[in-house]
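Secondary and tertiary structure notes
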Amino acid sequence: MSKGRFRVYPLEGLYPEGERLVLDPQERILTRLASGHKDEQQCAIIEQARFTEMQLYLLDPLLAAYPDYCPLEMLLAAHRNENVERCRARLNQAFEAGTASQVLRGVYLILTACRPKMRALGLETRYITETGYMLFAANGQHR
Amino acid sequence: MSRENNTSRFQVYSLSGLLPQGDTLVLNHALRVLTQVTAHGDLVEQCRLSPDTVEMLEVLLAAVPRYCSDAVLLAAKTGESEERCAQQLRWAKEAGDPLVYDTLMRPVRGTISRLRERLQRFRIDLRALIGTGYLLIALSPAMARITQEDKNHDEEEDQEL
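Just so you know, the residues in each chain are numbered from 1, in the order the chain's sequence is written. Whichever chain is written first is A, and whichever ligand is written first is 1; the rest continue in order. Owing to the predicted nature of the model, reporting of local features is limited to residues with pLDDT of at least 70; listing and counting of side-chain atom pairs is limited to 80 or more, with chain, interface and lining totals taken over all residues. The side-chain numbers reported here are obtained from all heavy atoms of the structure, hydrogens and water having been left aside.

**Looking at the overall build of chain B**
Spelled out, the test is: Put simply, DSSP H or I for four residues or longer makes a helix, DSSP E for two residues or longer makes a strand, and each gets a number counted from the N terminus. Under the scheme applied here, a residue whose accessible area is under 20% of the maximum for its type counts as buried, over 50% as exposed, and between as partly exposed, the area being computed with a 1.4 Å probe on protein chains only. Residue contacts follow a heavy-atom distance rule, with two residues in contact if any of their heavy atoms lie within 4.5 Å. For accessible areas, the Shrake-Rupley method is used with a probe of radius 1.4 Å. Any residue's cover is judged against the shown protein chains and nothing else.
Secondary structure summary: chain B contains 5 helices and 8 strands in total. Helices (α) and strands (β) of chain B occur, in sequence order from the N terminus, as β-β-β-β-β-α-β-α-α-α-β-β-α. The burial tally for chain B puts 42% of its 161 residues in the buried class. For chain B, the proportion of contacts with a sequence separation of at least 24, taken over those separated by at least 6, is 39%. Only carbon and sulfur atoms are counted for the fraction: they give 50% of the accessible area of chain B, which is about 8,400 Å².

Rendered as structure tokens:
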């Protein structure tokens, strides 16, 4: 969902009702927001984190895929700025040849680097073997 | 003006008269991010600030609805005490040469200029009270329109790139 320049991810099931994650692509900031504040002095912002351009290339499809997992070929395509079909073929070859970890090394490293910031935002990125990545609640209770 | 430390990193300002009813400005110190949030929890505007503009903004916001004196701004910029800055500015005024006062305030004006540009995105303007201080006011509809047009133009250019 897009609200002007901001992209809104409700992430139902990961956040309490009414909370959501908002991406500002221009400033490369993810903001976890509460559902609104009755008291003007209460802060609607729960947490904010700033990411690199490359990190956002991977986080954007991951967030958009929720509640589904984000396939590895999509992440690879985002990382390499390549066609998804081409990345799928490349990955299939790599899995058969046993070189998938080399092909996916960039994706692994970037998503690993995102982990502390994502945890601060209450989210965890988990690897699904030979499949993709999925978002979970940072406390480990995927509701 | 209301201000509350939600955590050590977030400061919330409800600037009645400057922002639409219910909106708040949230300053994230760690990231140096200024965010405008509606009462419903929607983001309206967001921008990053440089370290010197954050310091300047803090004293300006703390002064709302009153003006922020030149001495307070100079102290925020230089790190010297407010009393010392007030004394320096008093001496400059007593010297009778506007250039002396001007020279003292020059570093402040540079930062103010950058901050003004940022604040216009939030439809807030920064007005100089010559020889006195600076005041935050709501951007006039005409100025807001010009700023919005500039912003749209910038976004179109970004998209073209």
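**A word on the environment of B:Thr132**
Residue and element names in this part refer to chain B. By the secondary structure assignment, Thr132 is in the loop between strand E7 (124-129) and strand E8 (133-138). Along the backbone, Thr132 and Leu89 are 43 residues apart, and their C-alpha atoms lie at a distance of 9.8 Å. Excluding anything up to four places from it in sequence, Thr132 contacts Tyr67, Cys68, Ser69, Asp70 and Tyr101.

**Examining the packing of aromatic side chains**
All names here are of chain A. Applicable threshold: Aromatic rings from Phe, Tyr and Trp, with only the six-membered ring used for Trp, were paired whenever their centres fell within 6.5 Å, and each pair was classed as stacked if the ring planes differed by under 30 degrees, edge-to-face if by over 60, and tilted otherwise.
Throughout the structure, instances matching the rule amount to 2 aromatic pairs over all chains. Taking 5.7 Å as the distance between ring centres and 85° as the angle between the ring planes, the aromatic pair formed by Tyr108 and Tyr127 counts as edge-to-face. Here Tyr127 lies in strand E7 (residues 123-128) and Tyr108 lies in helix H5 (residues 105-120), a separation of 19 residues in the sequence. The class for Tyr108 is partly exposed, based on a relative accessible area of 22%.

Read these as geometric descriptors, not functional statements.
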